[in-house]
Amino acid sequence: MLNLIVNAAQAIGERVRNEELGNIWIKTSRLPAHVEIRVEDDGPGVPETIREQIFDPFFTTKEVGKGTGQGLSIAYRVVCQQHGGTLTMEPRAGGGACFVIRLPAPATEPAAATQAA
Ligand SMILES: Nc1ncnc2c1ncn2[C@@H]1O[C@H](COP(=O)(O)OP(=O)(O)OP(=O)(O)O)[C@@H](O)[C@H]1O
Ligand SMILES: [Mg+2]
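Here we summarise the structure given alongside this text.

Rules of the game
Residue numbering note: each chain is counted from 1, following its sequence as written. The order in which chains are written sets their letters, starting at A; the order in which ligands are written sets their numbers, starting at 1. Where totals are concerned, whole chains, interfaces and linings use all residues; where local detail is concerned, this predicted model gives features only for residues with pLDDT of at least 70, and gives and counts side-chain atom pairs only at 80 or more. Only hydrogens and water are set aside when side-chain values are computed; all heavy atoms of the structure are taken into account. Patch members must show over 30% relative accessible area and no salt bridge, and they are joined within 9 Å when carrying like charges or within 5 Å when they are nonpolar side chains of Val, Leu, Ile, Met, Phe, Trp or Tyr. Shrake-Rupley sampling with a 1.4 Å probe provides the accessible areas, and residues are treated as covered by the protein chains on show and by no other component. A side-chain nitrogen of Lys or Arg and a carboxyl oxygen of Asp or Glu constitute a salt bridge if their distance falls within 4 Å. Think of it this way: any DSSP run of H or I at least four residues long counts as a helix, any run of E at least two long counts as a strand, and we number them from the N terminus. Here a Phe, Tyr or Trp ring, Trp counted by its six-membered ring, pairs with any other such ring whose centre lies within 6.5 Å, and the pair is stacked when the planes are under 30 degrees apart, edge-to-face when over 60, and tilted otherwise. The buried label applies to any residue whose accessible area, calculated with a 1.4 Å probe on protein chains only, is under 20% of its type's maximum; exposed applies above 50%, and partly exposed to all values in between. Nearness is defined per residue: one heavy atom within 4 Å of the molecule or strand is enough. Here a polar contact is recorded for every N or O atom pair within 3.5 Å, except that within protein the pair must consist of a potential hydrogen donor and a potential acceptor, and residues adjacent in sequence are included only if both atoms are side-chain atoms. Residue classes follow a fixed rule: Ala, Val, Leu, Ile, Met, Phe, Trp, Tyr, Cys and Pro count as nonpolar, while Asp, Glu, Lys and Arg count as charged, and any other residue, Gly among them, counts as polar. Strand pairing is assigned whenever DSSP identifies at least 2 bridges connecting the two strands. Note on definitions: angles span 0 to 180 degrees between N-to-C directions of axes, and those axes are lines fitted to C-alpha atoms, for helices only across the stretch in contact. Every residue pair with non-hydrogen atoms within 4.5 Å of one another is taken to be in contact.

### Overview of a nonpolar patch on the surface
On the surface, Met-1, Ile-24 and Ile-26 cluster together into a nonpolar patch covering about 250 Å² of accessible area. Secondary-structure assignment places Ile-24 in strand β1 (residues 24-30).

Spelled out as structure tokens, the structure:
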């Protein structure tokens, strides 16, 4: 989560605005067999030409000293390999990037009704 939020913060910092701050949204939802966390920003977005590479170890577009290209590859390994989930990037409608974490979470049975006294 921290890696995604730092990326979003750096992305909105890149976008030149007229005294207007960028936005980061964190949204959670319950799906039938997963929980979903979306980290969205209204920065410049991820150019289509590099979308295949952003999860690769050491892939970065940031200047030396600012990025080493490890944040998304670590996040991918934790979410996908260690927790059996998925981590994807969708362009955000209206501009920016939306990173989507899905973690398996089977629906639980409703709690048994407590017995009346
Ligand atoms: N929210 C975002 N908006 C636009 N581009 C992004 C965003 N998040 C990641 N990227 C792109 O993906 C690349 C890889 O991200 P990653 O987090 O792996 O490395 P980094 O941020 O460059 O360096 P590090 O995380 O090691 O400090 C970034 O350099 C950037 O080009
Ligand atoms: Mg990063």
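Picking up where we left off.
### Observations concerning the packing of aromatic side chains
According to the stated counting rule, one finds two aromatic pairs in the structure shown. When the centroid spacing of 6.3 Å and the interplanar angle of 80° are considered together, the rings of Phe-55 and Phe-99 count as edge-to-face. On the criterion of sequence distance, the pair formed by Phe-55 in the loop between β2 (34-41) and α2 (71-82) and Phe-99 in strand β4 (residues 97-104) is long-range, its members being 44 residues apart. This pair shows no difference in class: Phe-55 is buried, exactly as Phe-99 is. By the ring-pair criterion, three or more aromatic residues cluster together here, those being Phe-55, Tyr-76 and Phe-99.

### Observations concerning the site of ligand 1
As a structural note, the neighbourhood of ligand 1 is formed by 20 residues, with Asn-7, Thr-60, Thr-61, Lys-62 and Thr-68 the closest of them. Between ligand 1 and the protein, one listed contact pairs an oxygen atom with a backbone N or O atom of Gln-70 at 2.9 Å. Here an oxygen atom of ligand 1 and a backbone polar atom of Gly-71 are 3.2 Å apart. For the shell around ligand 1, the secondary structure elements donating two or more residues are α1 (2-14), α2 and β4. Taken together, the residues of the shell around ligand 1 sort by class into eight nonpolar, nine polar and three charged.

### Considering the sheet that holds β2
Strand order in the open sheet formed by four strands is β1-β2-β4-β3, and the pairing between neighbours is antiparallel. Bordering the open sheet on either side are β1 and β3 (86-91), each of which pairs with just one other strand. Ignoring which end each strand starts from, the neighbouring axes of this sheet average 15° apart. Looking at chain direction, β3 and β4 are connected through six bridges and run antiparallel. When the bridges of β4 are listed, Pro-91 appears paired with Ala-97. Seen against the sheet, α1 touches β1, β2, β3 and β4 and runs at an angle of roughly 25° to β2. Where α2 meets the sheet, its contacts fall on β3 and β4, and the angle it forms with β3 comes to roughly 130°.

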